[in-house]
Amino acid sequence: MPSASHTAADDRQAWGALWALVIGFFMILVDSTIVTTAMPAIMAGLNTGVSGVVWVHSSYLLAFVVPLLITGRMGDRFGPKNLYLTGLAVFTAASLWCGLAPDLPNLIAARVAQGLGAALMTPQSMTFITRLFPAERRGAAMGLWGAAGGLASLTGPLLGGVLTDSLGWEWIFFVNIPLGIFTFWRVLRKVPALPTHARSFDIPGVLLSAAGVFLLVFGIQEAETFDWGPVVGWFGIWHMIALGIALLVTFIWWQRHTRTEPLLPLNLFADRNFSLATSAIACMGVAITTLSIPVMFQLQSVRGLTPTQAALVIAPMALLGAAMARYAGRRVNRKDPRTQAVLGFLVFGAAIIAFGMMLPLSISVLWLLIPAALMGVSNALVWPAVSLTATRDLGPTNAGAGSGVYNMTRQIGAVLGSAMMAVLIEARIAAHVARTGHDGGAPGGLSEVMSQQVPAALGQAVSAGLGEAMFLPGLAAVVGGILCLGFRRSGTVQTVTGR
């Protein structure tokens, strides 16, 4: 039954605040994928190579993921509205810097600033949902928030292709400026200033977590760039990954034994739903970030489509995802979220694998619209169900910490997925090209596929390799569905309390 203290006026205020926040959340997630279709244009415009332009994408993800655990907690301490507005101002100013960047170092630095702004914003919108909406009304709110996340990740390549073809690559960043200003105004007007929780800050925990996540994510993300070898002197990628893991283990030990309030309340993971939902959303991070990479390469480099034409092939994902968002959000309040999450994940994974199997076939691109449509529908089912399950049992004092962990887990999945996809594409294309007996100059890897049109004689081999690479996001989605089978059914609520 709805809470008697929760009035219609409270509902209107909560929904007005959420709509204002979701616009900014959508914008920062679009920037996680919008660069993909603009990479060749950026390479030409700034006279750089593939290794340089990959940093334009990687630097944003790296700066985004590292501070998320900290910024979620900062929202509890300094107020989620203040953190959101600060992050939005940084992100919008950095977008202007990106569009005006005269060279590659400036563009990479601006993308780092964008990522830091996004890290300040992201946990706060989820915190607002947990604190503004009562449990019985939270499903529809999570549906909107989750749909914005899924839709943003799918529309990034489409929007990037259209803007790059029509106005130039700079406009993938300039478009954020009017949107950012509008969002800032709406958040000022519509979003309430929530009570803060006075608490000490776990400085050792901040340093250990930031350093550990940075070393681990950087090492995995840039392993191929440095060919798994030295980065500085004798200090190599493997040393960096091992040190990152060691620091994170030390961080967990410190969180268990510190006498001050921990940065990460480990009792969050005593809740089965939270643990499984954060693991499942990491699988979604892998799937949603990597599925468009082989598709874009095959459509542009093998079939010869323009960025806009290639992006339109996966447009049904975005369109049907948006159309299903309202239904998925409302349904998750009426039905068991576990069923919706499992169904969404499994159909999503099957559609991705089917898409990959169709890529090497000499068929019209119109056939590819079918699995793309299934991906859009199933993707819309996943986000609200998993988000609601993760946050359902969090008390107000743990909302920021839980949101930070949840969002960081998703972004780490995205980073790991991108690194694995690069290696997988390289290996599968090389294997199929080798079978053709081609003796040189062939597109034997990711760099060549990105930078030139594939010769007709090698089109089938390259397409086969790219199709097989899509098994990575497909299997990641299936694993996510298996994890969701363990969700505790709704109605059994055990609120997590802080230490």
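Thresholds applied
- Residues numbered from 1 in each chain as written.
- Predicted model: local features only at pLDDT ≥ 70, side-chain atom pairs only at ≥ 80, totals over all residues.
- Heavy atoms only, no water.
- Helix = DSSP H or I, 4+ residues; strand = E, 2+ residues; numbered from the N terminus.
- Buried < 20%, exposed > 50% of the residue type's maximum accessible area, 1.4 Å probe, protein only.
- Areas by Shrake-Rupley, 256 points an atom, 1.4 Å probe, with all protein chains shown as cover.
- Phe/Tyr/Trp six-rings, centres within 6.5 Å; stacked < 30°, edge-to-face > 60°.
- Polar contact = N/O pair within 3.5 Å; in protein donor to acceptor, adjacent residues only side chain to side chain.
- Contact = heavy atoms within 4.5 Å.
- pLDDT = per-residue confidence, 0-100.
- Axes fitted to C-alpha atoms, helices over the stretch in contact; angles between N-to-C directions.
- Parallel < 35°, antiparallel > 145°, perpendicular 65-115°, else oblique.
- Left-handed = near helix turned anticlockwise from the far one by under 90°.
- Nonpolar A, V, L, I, M, F, W, Y, C, P; charged D, E, K, R; others polar.
- Expected span 1.5 Å × (residues − 1).
- Core = buried A, V, L, I, M, F, W, Y, C linked by side-chain atoms within 4.5 Å.
- Patch = residues over 30% accessible without salt bridge, like charges linked within 9 Å, V, L, I, M, F, W, Y side chains within 5 Å.
- Salt bridge = Lys/Arg side-chain N within 4 Å of Asp/Glu carboxyl O.

If you check an unreviewed UniProt entry, the chain appears there as EmrB/QacA subfamily drug resistance transporter from Zhihengliuella flava.

Q: Explain the overall build of the chain residue by residue, including any values.
A: Within the chain, the secondary structure is distributed over 21 helices and 2 strands. The buried share of the chain, reckoned over its 499 residues, is 61%. Accessible area for the chain stands at about 18,600 Å²; split by element, carbon and sulfur atoms hold 68% of it.

Q: How would you explain the packing of aromatic side chains if you had to name every residue and give the values?
A: We describe a pair of aromatic rings using the distance from one ring centre to the other and the angle between the two ring planes. The full count for this structure, using the stated rule, is 9 aromatic pairs. A centroid spacing of 5.3 Å and a plane angle of 75 degrees characterise the contact between Trp171 and Phe174, whose relative ring orientation is edge-to-face. Taken together, the residues span about one helical turn, with Trp171 and Phe174 both in helix H8 (residues 171-174) at a distance of 3 residues. Centroid distance Phe218 to Phe226: 6.4 Å. Interplanar angle 45 degrees. Geometry classified as tilted.

Q: Residues and numbers for the side chain of Thr278, please.
A: Within the element layout of this structure, Thr278 appears in helix H12 (residues 272-290). Here Ser275 takes part through its backbone oxygen, which lies 2.9 Å from a polar atom of the side chain of Thr278. Those residues in contact with Thr278 that lie beyond four places of it in its chain are Phe269, Val405, Tyr406 and Thr409.

Q: Can you lay out the confidence of the model for the chain for me, pointing to particular residues and giving the numbers?
A: The predicted model of the chain has a mean per-residue pLDDT of 83, with 89% of residues at 70 or higher. When mean pLDDT is compared element by element in the chain, helix H21 (residues 471-484) scores highest at 97, while helix H19 (residues 446-451) scores lowest at 52. Confidence drops under pLDDT 50 across residues 440-445; counting only partners more than four residues distant or on other chains, this segment forms 17 contacts.

Q: Tell me what's going on with the packing of helix H5 (residues 80-100) against helix H9 (residues 176-190), and back it up with residues and numbers.
A: Where H5 meets H9, the closest approach of the two axes is 9 Å, and the angle between their N-to-C directions is 165 degrees. In terms of orientation, H5 lies roughly antiparallel with respect to H9. Note on packing geometry: the crossing formed by H5 with H9 is left-handed. Judged by residue contacts, Lys81, Tyr84, Leu85, Leu88, Ala89, Phe91, Thr92, Ser95 and Leu96 of H5 engage Asn176, Ile177, Gly180, Thr183, Phe184, Val187 and Leu188 from H9. A class-by-class count of the residues in the contact of H5 with H9 yields 10 nonpolar, 5 polar and 1 charged.

Q: Go over helix H6 (residues 104-132), please, and point to the residues and values.
A: A rise of 1.5 Å per residue sets the reference length of H6, with its 29 residues, at 42 Å; its end C-alpha atoms lie 42 Å apart and thus fit the reference within 8%. With 24 of 29 residues buried, H6 lies mostly within the body of the structure. The distance from a side-chain oxygen at the start of H6 to the backbone nitrogen of Asn106 is 3.0 Å, and the residue carrying that oxygen is Asp103.

Q: Can you lay out the nonpolar core for me, pointing to particular residues and giving the numbers?
A: One finds Leu107, Phe348, Phe355 and Val386 to be the most contacted residues of the largest nonpolar core, which totals 120 residues. Beyond its immediate stretch of four places on either side in the chain, Phe355 contacts Val295, Val313, Leu368, Pro371, Ala372, Met375 and Met470. Listed in part, the 15 residues of the second largest apolar core include Val433, Val454, Ala461 and Ala476.

Q: Can you explain a nonpolar patch on the surface? Please cite residues and give values.
A: The grouping of Leu343, Val347, Trp367, Ile370 and Leu374 at the surface amounts to a nonpolar patch, some 470 Å² of accessible area in total. Only helix H16 (337-358) and helix H17 (369-391) provide two or more residues apiece to the nonpolar patch. Its location among the elements puts Val347 in helix H16.

Q: Can you tell me about the pattern of salt bridges, naming the residues and giving the values?
A: Applying the stated rule across the entire model yields 4 salt bridges. With its nearest N and O atoms 3.8 Å apart, the salt bridge here joins Asp336 to Arg338. The class of Arg338 is buried, set by a relative accessible area of 19%.

Q: Which residues make up the side chain of Thr122, and what values go with them?
A: Positionally, Thr122 belongs in helix H6. Judged by its relative accessible area of 0%, Thr122 is buried. At 2.8 Å, the side chain of Thr122 and the backbone oxygen of Ala118 are in polar contact. Those residues in contact with Thr122, other than ones at most four positions away along the chain, are Phe25, Ile28, Phe64, Leu68, Asn407 and Arg410.

Q: Lay out the environment of Leu104 in plain terms, naming residues and giving numbers.
A: Positionally, Leu104 belongs in helix H6. Measuring from C-alpha to C-alpha, the distance between Leu104 and Asn47 comes to 8.5 Å, with 57 residues separating the pair along the chain. If sequence neighbours within four positions are ignored, Leu104 has contacts with Leu46, Thr48, Gly52 and Val56.

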